[in-house]
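Chain and residue survey
Single-letter residue listing:
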Amino acid sequence: MSQEDYPIDFVLGGIDLVMFSKPKVLLFDIGGVCVVSPFQAILDYELSKNIPPGWINLCISESKPNGFWHRLERGEVELDATWFQGFNSDLRNFALWKPFYASQREKLQLPEETPPLPDVDGEKVFWDMMHASREPDPWMFPALKKLKASGNYLLAALSNTIIFPPGHPYNDMRNQVKELFDVFISSAHVGMRKPNADIYEYTVAKLSRFAKENASRKGNGWGEGIRPSDIVFLDDIGENLKEARKAGFRTIKVNLGRTYEAVDALQELTGLELAGDHPRIAVKPKAKL
């Protein structure tokens, strides 16, 4: 997953983003934006096992659209032993390993000889990701609470999600974050996932319907519904943002471990003081290659 240097996507230009009319909707991804990024757990696992960073994300990405991860996030399969077996197979893609290692050799100063295919423990990676993403992001969470208190925006979430088995304690995770949103769109419950175009179309329709139904308690044009250009979307994955821009959304990129940059962008956009007290120090991986 590439991380650009600036949190605002400059397709329209950072200045233009602020000069445009104020958005009606602030739309947030959850993992890596509102809660601690699960990608941090992947990176920590890779470094702890001397696996060049990016390998696990590549395996997941190259298995789309019907890899086990993608099917889970569309709610098509259950999270069980059979799923973990399939996920492990997706993470052990021999055809990808040699060219990936070669691409990283010079950049990371790796040994010339290609090592054996990493024996990734998909079940451990998965639960490490889920555990990490239970914690609210220390920079974005205070900003969300202030945005909610302002009452100026329709706050919504658009997240690629997972349905845990019945009775699992993670089913009620993130409630303190989820309760801040007027609308919460979960991929596993609607059968669509980012970055497919259908989920962005669905999101606009759902937001527009909510705005019209609740226009009486707002004086900011909700009765007219929601157009794509009324939405500013925050996500940590460039591909999700690229497709959102195609759908007409404005976007803010959230960089791994530096969510405070996106909070700065929101402050500039809204004119509100949103920053909390958490130190502005980037999160670093827990291990070194």
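Above this text sits the structure in question.
A few points on the structure. From a predicted model like this one, the values you see are computed outputs, not experimental measurements.

**Considering the packing of helix α2 (residues 38–48) against helix α7 (residues 122–132)**
Axis separation between α2 and α7 bottoms out at 7 Å; the angle between their running directions is 140°. When the axes of α2 and α7 are compared, the pair comes out oblique. Here α2 and α7 pass one another in a crossing that is right-handed. Touching Pro38, Ala41, Ile42 and Tyr45 of α2 are Lys124, Val125, Asp128, Met129 and Ala132, all from α7.

**Observations concerning the pattern of salt bridges**
A complete count under the given rule lists 14 salt bridges for this structure. Where Glu224 meets Lys24, a salt bridge forms, and the shortest distance between an N and an O atom there is 3.7 Å. With a gap of 200 residues between them, Glu224 in the loop between α11 (197–213) and β4 (231–235) and Lys24 in the loop between α1 (14–19) and β1 (25–28) connect regions that are remote in the sequence. Note on Glu224: relative accessible area 67%, which makes it exposed.

**Side note on the packing of helix α8 (residues 140–150) against helix α13 (residues 259–270)**
Packing of α8 against α13 leaves a shortest axis separation of 9 Å and a crossing angle of 20°. Judged by the angle between their axes, α8 and α13 are roughly parallel. Crossing angle aside, the handedness with which α8 passes α13 is left-handed. Residues Met140, Ala143 and Leu147 of α8 touch α13, and the partners they reach there are Thr259, Ala262, Val263, Leu266 and Thr270.

The rules behind the values
- Residues numbered from 1 in each chain as written.
- Predicted model: local features only at pLDDT ≥ 70, side-chain atom pairs only at ≥ 80, totals over all residues.
- Heavy atoms only, no water.
- Axes fitted to C-alpha atoms, helices over the stretch in contact; angles between N-to-C directions.
- Helix = DSSP H or I, 4+ residues; strand = E, 2+ residues; numbered from the N terminus.
- Parallel < 35°, antiparallel > 145°, perpendicular 65-115°, else oblique.
- Left-handed = near helix turned anticlockwise from the far one by under 90°.
- Contact = heavy atoms within 4.5 Å.
- Salt bridge = Lys/Arg side-chain N within 4 Å of Asp/Glu carboxyl O.
- Buried < 20%, exposed > 50% of the residue type's maximum accessible area, 1.4 Å probe, protein only.

By themselves, these are just geometric observations and shouldn't be taken as functional.
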